[in-house]
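Chain by chain, the residues:
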Amino acid sequence: CSKVQEAGEYNTKMHPMWQGPLVVPGGDRQSPIDIVVRKSVFDSELKPLLTNYDPRTCQQIWNNGYSFLVEYDDTADKSTLEGGPLQDKFRLCQFHFHWGESNAWGSEHTLDRRLFPAELHLVHWNSNKYSLFEEAVMEENGLAVIGVFLKVGKRHEGLQKLVDALPAIRHKGSVVEFTKFDPACLLPTNTDDYWTYHGSLTTPPLTESVTWIVMKQHIEVSHDQLAVFRSLLFTSAEEEIQRSMVNNFRVQQPLCGRTVRSSFS
Ligand SMILES: NCCOCCOCCNC(=O)c1ccc(S(N)(=O)=O)cc1
Ligand SMILES: [Zn+2]
């Protein structure tokens, strides 16, 4: 697979302008991808996901200029993920979303090319093998990210606390305290059915360190809740030109012969 990203894909209008590297390490296990459902391979060895999140580890919410992140205290094994395709215990460090300017697109992964209006990523790092996120992010088995598709429908009561905090972090670089939020409320009711594959971060440094776990069942949020995501800005308060934070997803990457496994038949 191409070692150098086609420069064009970084310059399409749909795509935030990145200073990101045009040559990514390896380049044959990049994310996101389209999941071709009928080509995924059922693996009976895949276990149910086991999340154990402690809302007391929730610390802050901030706008990093790509998305907004809800960050957790990951100095101990308090909010953890294990099971699924994972051999080790992983610590939750943050979650964030990707979304479009319209409800017609916005997700990074797709199911048989089907786009969703947004996608949630819960980011964890391997605390059995590494002592810091920054270490794990450079290693093959360093990270595990749970992806959950969002659909527009009924209002998501658990999400509203987060939506209400967004106006305070409109600009890139703004941060506010955000506590006692249980990310488990953002998981679908069925967490036994998922696809998993080896991939990468979808924003710089694009390192190929992620075991992706993409949930089959989506969650629903209201049109208005998603509209508040789009009220965020890519730009900091000092910049003259304010740019709406929308379409903060990466273009899809070649599968390069990888197998996507499913936990369900
Ligand atoms: N900058 C050089 C080294 O950086 C190491 C730390 O990288 C931190 C920034 N990126 C991330 O943490 C990060 C985390 C998750 C995802 S994603 N969208 O793949 O879930 C993308 C990016
Ligand atoms: Zn992401």
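Shown above is the structure to which this text applies.
Residue numbering note: each chain is counted from 1, following its sequence as written. By the order in which they are written, chains take letters starting at A while ligands take numbers starting at 1. Totals for whole chains, interfaces and linings use every residue, but because this is a predicted model, local features are given only for residues with pLDDT of at least 70 and side-chain atom pairs only at 80 or more, for both listing and counting. Side-chain descriptors were evaluated using all non-hydrogen atoms of the structure, hydrogens and water having been removed beforehand.

A. Structural context of unusual backbone geometry. Here Ser31 and Pro32 are connected by a cis peptide whose omega angle stands at 5 degrees. Numbering of helices and strands runs from the N terminus; a helix is a DSSP stretch of H or I covering at least four residues, while a strand is a stretch of E covering at least two. Position of Pro32 among the secondary structure elements: in the loop between helix H1 (7–11) and strand E1 (34–35). Put simply, Pro204 and Pro205 share a cis peptide bond, and its omega is 15 degrees. Secondary-structure assignment places Pro205 in the loop between strand E12 (194–199) and strand E13 (210–215). Despite not being glycine, Asp112 has its phi angle at roughly 50 degrees, a positive value. In this structure, Asp112 sits in the loop between strand E8 (110–111) and strand E9 (118–126). The phi dihedral of Arg113 is positive, around 70 degrees, even though this residue is not glycine.

B. Representation of the nonpolar core. By nonpolar core we mean a set of buried residues, namely Ala, Val, Leu, Ile, Met, Phe, Trp, Tyr and Cys, connected to one another through side-chain atoms within 4.5 Å. Three exposure classes are used, based on accessible area relative to the maximum for each residue type with a 1.4 Å probe and protein chains only: buried under 20%, partly exposed in between, and exposed over 50%. In terms of nonpolar packing, the biggest core is built from 43 residues, with Phe68, Phe95, Phe97, Ile146 and Leu162 touching the most fellow members. For this core, the leading source of residues is strand E7 (residues 90–99), giving five residues. Every residue in contact with Leu162, bar those within four places of it in the chain, is listed here: Ile61, Phe68, Val70, Phe95, Phe97, Phe178 and Phe181. Membership of the second largest hydrophobic core comes to 21 residues, among which are Ile35, Phe116, Val123 and Val260. Whether two residues are in contact is decided by their heavy atoms, any of which lying within 4.5 Å being enough.

C. Examining the environment of Leu150 more closely. With respect to the helices, strands and loops of the structure, Leu150 is situated in strand E10 (residues 143–152). Classification of Leu150 as buried rests on a relative accessible area of 0%. Not counting residues within four places of it along the chain, the set of residues in contact with Leu150 comprises Phe97, Phe116, Pro117, Ala118, Glu119, Leu120, Ile219 and Val221.

D. Main features of the side chain of Gln225. Note that Gln225 resides in helix H4 (residues 223–229). Residue Gln225 is classed as buried on the basis of its relative accessible area of 2%. Pairs of N or O atoms are called polar contacts if they sit within 3.5 Å, as long as, within protein, a hydrogen donor faces a hydrogen acceptor (for residues adjacent in sequence, only side-chain-to-side-chain pairs). Only 2.9 Å separates the side chain of Gln225 from the backbone oxygen of His156, close enough to count as a polar contact. If sequence neighbours within four positions are ignored, Gln225 has contacts with Arg155, His156, Leu159, Gln160 and Val163.

E. Representation of the packing of aromatic side chains within the structure. Each aromatic pair joins two rings of Phe, Tyr and Trp (for Trp, the six-membered one) with centres within 6.5 Å, and gets the label stacked for planes under 30 degrees apart, edge-to-face for over 60, and tilted for any other angle. Under the criterion given, the structure shown has eleven aromatic pairs. With centroids separated by 5.2 Å and ring planes inclined at 80 degrees, the aromatic side chains of Phe68 and Phe229 adopt a geometry described as edge-to-face. Of the two residues, Phe68 is situated in strand E5 (residues 68–72) and Phe229 in helix H4; the sequence distance between them amounts to 161 residues. What makes Phe229 buried here is its relative accessible area of 0%. Aromatic pair Phe95 and Phe181: ring centres 5.8 Å apart, planes at 40 degrees, arrangement tilted. In this pair, Phe95 is assigned in strand E7 and Phe181 in the loop between strand E11 (175–177) and E12, connecting sequence segments 86 residues apart. Residue class for Phe181 comes out buried when judged on its relative accessible area of 3%. Each residue in the set Phe68, Tyr72, Phe95, Phe97, Trp99, Phe178, Phe181 and Phe229 is aromatic and connected to the rest through ring pairs, giving one cluster. Between the NZ or CZ atom of Lys161 and the centre of the ring of Phe178, over which it lies, the distance is 5.2 Å. For a lysine, the NZ atom is tested; for an arginine, the CZ atom; a charge sits over a ring if that atom is within 6 Å of the ring centre and within 35 degrees of the ring normal.

F. The state of the cysteines, seen in detail. Cysteine sulfur pairs qualify as disulfides if the two atoms are within 2.5 Å. Following the criterion strictly, the structure yields zero disulfides and no others. Just so you know, Cys58 is unpaired, no disulfide at all, and the nearest cysteine sulfur is the one on Cys185, 10 Å from it. No disulfide involves Cys93; its sulfur sits 12 Å from the nearest other cysteine sulfur, which is in Cys58. Taking the relative accessible area as the measure of exposure, Cys93 reaches 8% and is therefore buried.

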